[in-house]
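A closer look at the structure
Residues per chain are reported as follows:
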Amino acid sequence: MAPGTEREQWGSKIGFILAAAGSAIGLGNIWKFPYVAGENGGAAFVLIYIFFVMVLGLPIMIAELVIGRHTEKDPVGAFKAIAGGTKWEFVGYLGVLTGFFILTFYNVVGGWTIGYIVKSVMGEVTAVHDTATAQRVFSEFSANPALMILYHFLFTATCMIIVVKGIRNGIERWSKVLMPLLFVILLILIGKGLSMEGGIAGLKFFLQPDFSKITMSSVISALGQSFFSLSLGMGAMITYGSYLSRQDKILHSALYIVFLDTFIAILAGLAIFPAVFAMNMSPGEGPGLIFHIIPVVFGNMSYGIVFAVLFFMLLFIAALTSAMSLLEVTVAYIIDEKGWSRRKAVCVFGTTIFILGIPAALSFGVMKNVTVFFGNNFFDFMDKLTSNYMLPVGGFFIAVCLGWKYGLENTIHELDPDTRIISLKELWAFTIKFVSPFLLLLMFIMLVKDDVAGILSGLTELLR
Ligand code: PHE
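Residues numbered from 1 in each chain as written. Predicted model: local features only at pLDDT ≥ 70, side-chain atom pairs only at ≥ 80, totals over all residues. Heavy atoms only, no water.

Digging into the overall build of the protein chain
Along the protein chain, the regular secondary structure elements total 17 helices and 2 strands. Against the globule reference of 23 Å for 464 residues, the protein chain gives a C-alpha radius of gyration of 21 Å, in line with a compact fold. Once the C-alpha set of the protein chain is aligned to its principal axes, its extents read approximately 60 × 50 × 45 Å. Sorting the 464 residues of the protein chain into buried and exposed places 59% on the buried side. (Helix = DSSP H or I, 4+ residues; strand = E, 2+ residues; numbered from the N terminus. Rg over C-alpha atoms; globule rule 2.2 N^0.38 Å. Buried < 20%, exposed > 50% of the residue type's maximum accessible area, 1.4 Å probe, protein only.)

Quick look at the side chain of Glu172
Secondary-structure assignment places Glu172 in helix 8 (residues 167-194). The charged side chain of Glu172 is buried without a salt bridge, its nearest counter-charge being Lys176 at 4.1 Å. Among the polar contacts listed, one links the side chain of Glu172 to the backbone nitrogen of Gly11, at a separation of 2.7 Å. Within the structure, the side chain of Glu172 is placed 3.2 Å from the backbone nitrogen of Ser12, a separation counted as a polar contact. Contacts of Glu172, omitting those with residues within four sequence positions, involve Trp10, Gly11, Ser12, Gly15, Phe16 and Ile167. (Lys, Arg positive; Asp, Glu negative; His and termini not counted. Salt bridge = Lys/Arg side-chain N within 4 Å of Asp/Glu carboxyl O. Polar contact = N/O pair within 3.5 Å; in protein donor to acceptor, adjacent residues only side chain to side chain. Contact = heavy atoms within 4.5 Å.)

Comments concerning the pattern of salt bridges
Throughout the structure, instances matching the rule amount to 7 salt bridges. We note a salt bridge from Asp383 to Lys32, for which the minimum N-O separation is 3.0 Å. Taken together, the residues span a long stretch of sequence, with Asp383 in helix 16 (residues 378-407) and Lys32 in helix 2 (residues 27-39) at a distance of 351 residues. Using a relative accessible area of 8% as the deciding quantity, one classes Asp383 as buried. When its relative accessible area of 4% is taken as the criterion, Lys32 is described as buried. Linking Arg136 and Glu140 is a salt bridge whose minimum nitrogen-to-oxygen distance equals 3.4 Å.

A word on a nonpolar patch on the surface
A cluster of nonpolar residues, Phe444, Val448, Val452, Leu456, Leu459, Leu462 and Leu463, forms a patch on the protein surface that exposes about 640 Å² of accessible area. The topology assignment puts Leu459 in helix 17 (residues 422-463). (Patch = residues over 30% accessible without salt bridge, like charges linked within 9 Å, V, L, I, M, F, W, Y side chains within 5 Å. Areas by Shrake-Rupley, 256 points an atom, 1.4 Å probe, with all protein chains shown as cover.)

Looking at the site of the ligand
The immediate surroundings of the ligand are formed by 15 residues, with Ala24, Gly28, Tyr106, Phe228 and Ser231 found nearest. Leu27 is positioned with one of its backbone polar atoms (N or O) 3.1 Å from an oxygen atom of the ligand. Between Gly28 and the ligand, the recorded distance is 2.7 Å, taken from a backbone N or O atom to an oxygen atom. In the complex, the protein chains occlude 100% of the 320 Å² of accessible area that the ligand would expose alone. For the shell around the ligand, the elements supplying multiple residues, two or more each, are helix 1 (13-24), helix 2, helix 5 (89-121), helix 10 (216-229) and helix 14 (304-338). Classifying every residue of the shell around the ligand gives 7 nonpolar, 8 polar and no charged. (Near = heavy atom within 4 Å. Nonpolar A, V, L, I, M, F, W, Y, C, P; charged D, E, K, R; others polar.)

Some details on the environment of Phe438
Checked against the element boundaries, Phe438 lands in helix 17. Phe438 gets classed as exposed once you look at its relative accessible area, which sits at 56%.

Let's talk about the packing of helix 4 (residues 75-83) against helix 14
Following both chains from N to C, one finds helix 4 and helix 14 inclined at 55°, their axes separated by 7 Å at the closest point. The orientation of helix 4 relative to helix 14 falls into the category oblique. Together, Pro75, Val76, Gly77 and Lys80 of helix 4 and Val329, Tyr333 and Glu337 of helix 14 make up the contact between the two elements. The residue inventory of the contact of helix 4 with helix 14, partitioned by class, reads 4 nonpolar, 1 polar and 2 charged. (Axes fitted to C-alpha atoms, helices over the stretch in contact; angles between N-to-C directions. Parallel < 35°, antiparallel > 145°, perpendicular 65-115°, else oblique.)

Put into structure tokens, the structure is as follows:
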């Protein structure tokens, strides 16, 4: 940290919860959750997802917040503090790297949201009345290199402007305004989706499980999605936890954040699936899903333009508050460990992220056919690499390092001292030490098996 500057803390409990919920609630909930659930069979996927949120997400969220507040450091500094001089330090570096990787594609989708706000205001979104046109408009839009780079730039720059202001005046202040706004807009949209003719089929798809659709790869996607959506496994919550004061209650806060994140993902599903089915579209459309659906919904309703602008603003807000936390991880690391000023750290790393994101920005246009790894373009590759591999692996090491290397006896006092639910603390300790590492290891083996099988069949295809 720069000499003479004090490390900041959150201004209020609610400010912290909204900022952390802002990190968790993001494109993962509104853009990704519906299409991943759609590709993986709907309700059954949702149940598996909720299972992972409860048995892995919540305990690891608590663990990250505990590590953060205990050490008052960025992820790298935190692991140096609890396991200094050992190989465990790499867990912190892995986290910073993962954040960087996620930002390269995350900001591109963030850019799409700005593009669609502009399109909505100009009436282009509501000029669309059928899904074929919506698909065409989206593919033309995402294939336009200049626009993609421009919007990617605008999104990254907005994020930098907020993060440069620091914790209280930047991240916290904006989260307090933006998160409640997001909630209100989402409620309006659900009302609309449910009142559409044919919407009930979508509700069934989303709420009535059909386990025959579940495969190993859907289980893996549910795991990856739970880590991604809760911002776990890379130290975002360690970083946010490091700005907590001693009075803040970690157990309570973690419960709130996890609940809010899951609640918003479900609400997003309730808003999107009825519309998908009402328009006879396939729920397995992939990353373009909401960009194909939403314009048609609004194109066919009165005051559509207002709702379209609102919806894409909602998406923009969700993306922004999450991207802020992703950027903050790197920035905190550079400030704490290298002693740079916040301004310099934000400028240098924001720019780097912008440059590294360019291939993802071009992934739906000029670089569409550039495959990085067995049929995945740069965008998909980064997404899968981070969600399925890097975050769960990071979560595994966080649990093992805290449970076995550093020891829970050194940190359990960080949990709400006056909580009457004593057994909750013990349950957490048991989960972090045994359940989370075991389950994550098991999943990792399955994942590798699944992917190796995929790669082998890809290779045989190639050799034919
Ligand atoms: N949780 C965010 C979302 O759902 C993404 C994210 C992942 C943010 C990891 C920070 C860290 O969109």
